[in-house]
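Here's the letter readout for the chains.
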Amino acid sequence: MYTQELDVRGADAAAAADPGMLEQHFLARVDAEQKIEPKEWMPERYRSMLIRQISQHAHSEIVGMLPEGNWITRAPTLRRKAILIAKVQDEAGHGAYLYSAAETLGVSRDELIAQLLSGKAKYSSIFNYPTTTWADVGAIGWLVDGAAIMNQIPLCRCSYGPYARAMVRICREESFHQRQGFDLMLHLARGTDEQKAMAQDALNRWWWPALMMFGPPDATSTHSGESQRWKIKRISNDELRQKFVDFTVPQAKFLGITVPDPLLRWNEAQQRHEFGPIDWNEFEQVLKGNGPCNAERLAARRSAHAEGAWVREAASAHAAKQRLRATRHAA
Ligand code: BYC
C-alpha cells in the first residue's frame, strides 16, 4: 500500500516536470480507477465541478432536515418520534461530512454556507415541497431516500477519494432511512381506509418530484459529459431514473397503492417500465426559486444561522483559549 502510494507520488512528480503531461497523467489515473486525493494535482475544472456538486449535496442534506423536522413534534407515537429525530440528526451528520469533503478542495465552509443563505447555491429541488400530512414522512423515507440511495451508491466509486469515502457511510445510513419510510407507508397502507388514503395522497404528491431529483434529461444535462469522463458521475441521470422506477413500482404494488401515472406500463421486450412525461417546466421553476416552499426553506436556514451565531462565537473563543493554553504549556 505504502509502496503503491510512493509510485503514485513519483509519477505525479515526473508529470509536474512537463506541465503538458499533468492532465494526461491525471486522466490515466482516473481511468485506472485510482482515487484522486486532496493534495494531488487535478484540473481546475475538476476541482470546481466537485466543489459545486459536493456543496450542493451538503446543502441538500441540511435543507432536507426541514420538511421531516416539521413532523417531529407531531409524530403519532414515541417510537416513531425517536426514529424521526434520529433520522433528521443523521441528515445533519451527512451535511457535516460533505462540507468537510468540500473543504479538502480549498474552499471554506463559511463561504459555502454564505452561498446557500444568499440564494446563490442550489440544493435538491425535492426539498421545496411541503409536508402536509404524517404520510409525507413515510413517502420521503421511501421515495426521496430511495432515490438518493440509487443516485449515491455509484458515487461511492467516484474518483475523488474524500467524496467517495463520505458516500459509503452516508449510503449505509440512507438504507436505514429508506426502510423506515417503507415501514411507515406499510403501516398506513395496512391501516384504516383513512390511513390508506393518506398513503395514496402522499405518493400522488411525491412521485413526480422524486423522479425530478435525478436531474434534467441526459440530452440537456450540462455537466454529465465532463463529470462522466472524470468518473465523478458513474451512471447517467436518465439511467438512474429508470432504475428507480423499475425498483419502486413493484414496491407500490406491494403496498397496494397506485403510482399516479396513467402511461406507466411494463415493456416486456425491454424489461423495463415505460413512464409518462415529466413536467420539466415545474422543475425549472423550482430551480429558479419559485417552488412551493423555496422562500420558506431559505428563511428557516437564515434564521437558524443567525440564532446559532452565539454558539459559533463561543466555540471559536473556547478553541482560541485552548490554543493559547497549549502554547503557554509548551513554552
Ligand atoms: N435539484 O448537468 P446536470 C438526501 C441542477 S439529499 C436542484 O445534470 P449534475 C436527503 C444541477 O446542479 C441528497 N438542482 O448536473 C436529505 C445543474 O445546475 P448548476 C441529494 C438540480 O451535477 C434529507 C443543472 O441542474 N443528492 O438524500 O451533473 C432528507 C444541470 O444538471 C437537480 C445529491 O445531491 C435537482 N434535483 O447532475 C432526506 C446527489 N438536478 O450547478 C434525503 C449528488 C440537477 O450548473 N448530486 N440540478 O447551476 C448529483 O448526483 C448530481 O449533482 C445530480 C445532477 C445528479 C443531482
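A short tour of the structure in this document, coming up.

Conventions and cut-offs
- Residues numbered from 1 in each chain as written.
- Predicted model: local features only at pLDDT ≥ 70, side-chain atom pairs only at ≥ 80, totals over all residues.
- Heavy atoms only, no water.
- Salt bridge = Lys/Arg side-chain N within 4 Å of Asp/Glu carboxyl O.
- Helix = DSSP H or I, 4+ residues; strand = E, 2+ residues; numbered from the N terminus.
- Buried < 20%, exposed > 50% of the residue type's maximum accessible area, 1.4 Å probe, protein only.
- Axes fitted to C-alpha atoms, helices over the stretch in contact; angles between N-to-C directions.
- Left-handed = near helix turned anticlockwise from the far one by under 90°.
- Nonpolar A, V, L, I, M, F, W, Y, C, P; charged D, E, K, R; others polar.
- Near = heavy atom within 4 Å.
- Polar contact = N/O pair within 3.5 Å; in protein donor to acceptor, adjacent residues only side chain to side chain.
- Areas by Shrake-Rupley, 256 points an atom, 1.4 Å probe, with all protein chains shown as cover.
- Phe/Tyr/Trp six-rings, centres within 6.5 Å; stacked < 30°, edge-to-face > 60°.
- Lys NZ or Arg CZ within 6 Å of the ring centre and 35° of its normal.
- Parallel < 35°, antiparallel > 145°, perpendicular 65-115°, else oblique.
- Contact = heavy atoms within 4.5 Å.
- Expected span 1.5 Å × (residues − 1).
- Bend = angle between axes of the 7 residues up to and from the residue.
- Core = buried A, V, L, I, M, F, W, Y, C linked by side-chain atoms within 4.5 Å.

**Observations concerning the pattern of salt bridges**
Next up, step 1: All chains considered together, the criterion is met by 17 salt bridges.
Next up, step 2: For Arg47, the salt bridge identified is with Glu44, shortest N-O distance 3.3 Å. Placement of the pair is Arg47 and Glu44 together in helix H3 (residues 44–63), with a separation of 3 residues, close to one helical turn.
Next up, step 3: Across the pair Glu103 and Arg109 runs a salt bridge whose closest N-O atoms are separated by 3.4 Å.
Next up, step 4: The exposure class of Arg109 is partly exposed, given its relative accessible area of 26%.

**Notes on the packing of helix H7 (residues 135–152) against helix H8 (residues 161–189)**
Next up, step 1: H8 packs onto H7 with a crossing angle of 145 degrees between their chain directions and a minimal axis gap of 7 Å. The way H7 lies across H8 gives a crossing that is left-handed.
Next up, step 2: A class-by-class count of the residues in the contact of H7 with H8 yields 13 nonpolar, 9 polar and 2 charged.

**Details of the site of the ligand**
Next up, step 1: Around the ligand, 35 residues are found, and the nearest of them are Gln56, Lys122, Ser221, His223 and Lys233.
Next up, step 2: With respect to the ligand, the side chain of Glu174 contributes an N or O atom lying 3.3 Å from an oxygen atom.
Next up, step 3: One of the side-chain nitrogen or oxygen atoms of His223 is found 2.6 Å away from an oxygen atom of the ligand.
Next up, step 4: Here the ligand loses 90% of its free accessible area of 1100 Å² to cover by the protein chains.
Next up, step 5: For the shell around the ligand, the secondary structure elements donating two or more residues are H3, helix H5 (78–103), H7, H8 and helix H12 (280–290).
Next up, step 6: In terms of residue count, the dominant contributor to the shell around the ligand is H3 (6 residues).
Next up, step 7: Counted by class, the shell around the ligand contains 12 nonpolar, 14 polar and 9 charged residues.

**Quick word on unusual backbone geometry**
Next up, step 1: One non-glycine residue with positive phi stands out, namely Glu33, at about 65 degrees.
Next up, step 2: Relative to the elements of secondary structure, Glu33 occurs in the loop between helix H2 (19–31) and H3.
Next up, step 3: Overall, Glu33 belongs to the partly exposed group, its relative accessible area being 43%.
Next up, step 4: A positive phi is found at Lys231, a non-glycine position, where the angle reads about 55 degrees.
Next up, step 5: With respect to the secondary-structure elements, Lys231 resides in the loop between helix H10 (224–229) and helix H11 (237–255).

**A look at the packing of aromatic side chains**
Next up, step 1: Summed over the entire model, instances satisfying the criterion amount to 10 aromatic pairs.
Next up, step 2: Residues Tyr46 and Trp230 carry aromatic rings whose centres are separated by 5.7 Å and whose planes lie at 85 degrees to one another, so their mutual orientation is edge-to-face. Of this pair, Tyr46 sits in helix H3 while Trp230 is found in the loop between H10 and H11, placing the two residues 184 residues apart along the sequence. With respect to class, Tyr46 is no different from Trp230; both count as buried.
Next up, step 3: Among the aromatic side chains, those forming a connected cluster through ring pairs are Phe26, Trp41, Tyr46 and Trp230.
Next up, step 4: Just above the ring of Trp71 sits the side chain of Arg74; from NZ or CZ to the centre is 3.9 Å.

**A closer look at the packing of H3 against H5**
Next up, step 1: Between H3 and H5, the shortest axis-to-axis distance is 8 Å and the interhelical angle comes to 160 degrees. Here H3 is positioned roughly antiparallel relative to H5, judged by the angle of their axes. The hand of the H3/H5 crossing is left-handed. On H5, the residues touching Ile54, His57, Ala58, His59, Glu61 and Ile62 of H3 are Glu91, Ala92, His94, Gly95, Leu98, Tyr99, Ala101 and Ala102.

**Section: H7**
Next up, step 1: Helix length check: H7 (18 residues) gives 24 Å between terminal C-alpha atoms against 26 Å at 1.5 Å per residue, within 8%.
Next up, step 2: Of all the bends in H7, the greatest measures close to 25 degrees and is centred on Gly141.

**Structural notes on the nonpolar core**
Next up, step 1: Formed by 79 residues in total, the largest nonpolar core has its most connected members in Tyr160 and Trp207.
Next up, step 2: Here the element with the most residues in this core is H8; it accounts for 10 residues.
Next up, step 3: Not counting residues within four places of it along the chain, the set of residues in contact with Trp207 comprises Leu143, Phe244, Val245, Thr248, Val249, Val259 and Pro260.

**Points about the environment of Leu324**
Next up, step 1: Along the chain, Leu324 falls in helix H14 (residues 309–330).
Next up, step 2: Note on Leu324: relative accessible area 44%, which makes it partly exposed.

**Some thoughts on the side chain of Arg241**
Next up, step 1: Mapped onto the fold, Arg241 is located in helix H11.
Next up, step 2: On the basis of relative accessible area, Arg241 is assigned to the buried category, the value being 2%.
Next up, step 3: Within the structure, the side chain of Arg241 is placed 2.7 Å from the side chain of Asp238, a separation counted as a polar contact.
Next up, step 4: In this structure Arg241 touches Leu211, Met212, Phe214, Gly215, Pro216, Pro217, Phe275, Ile278 and Trp280, once residues within four positions along its chain are discounted.

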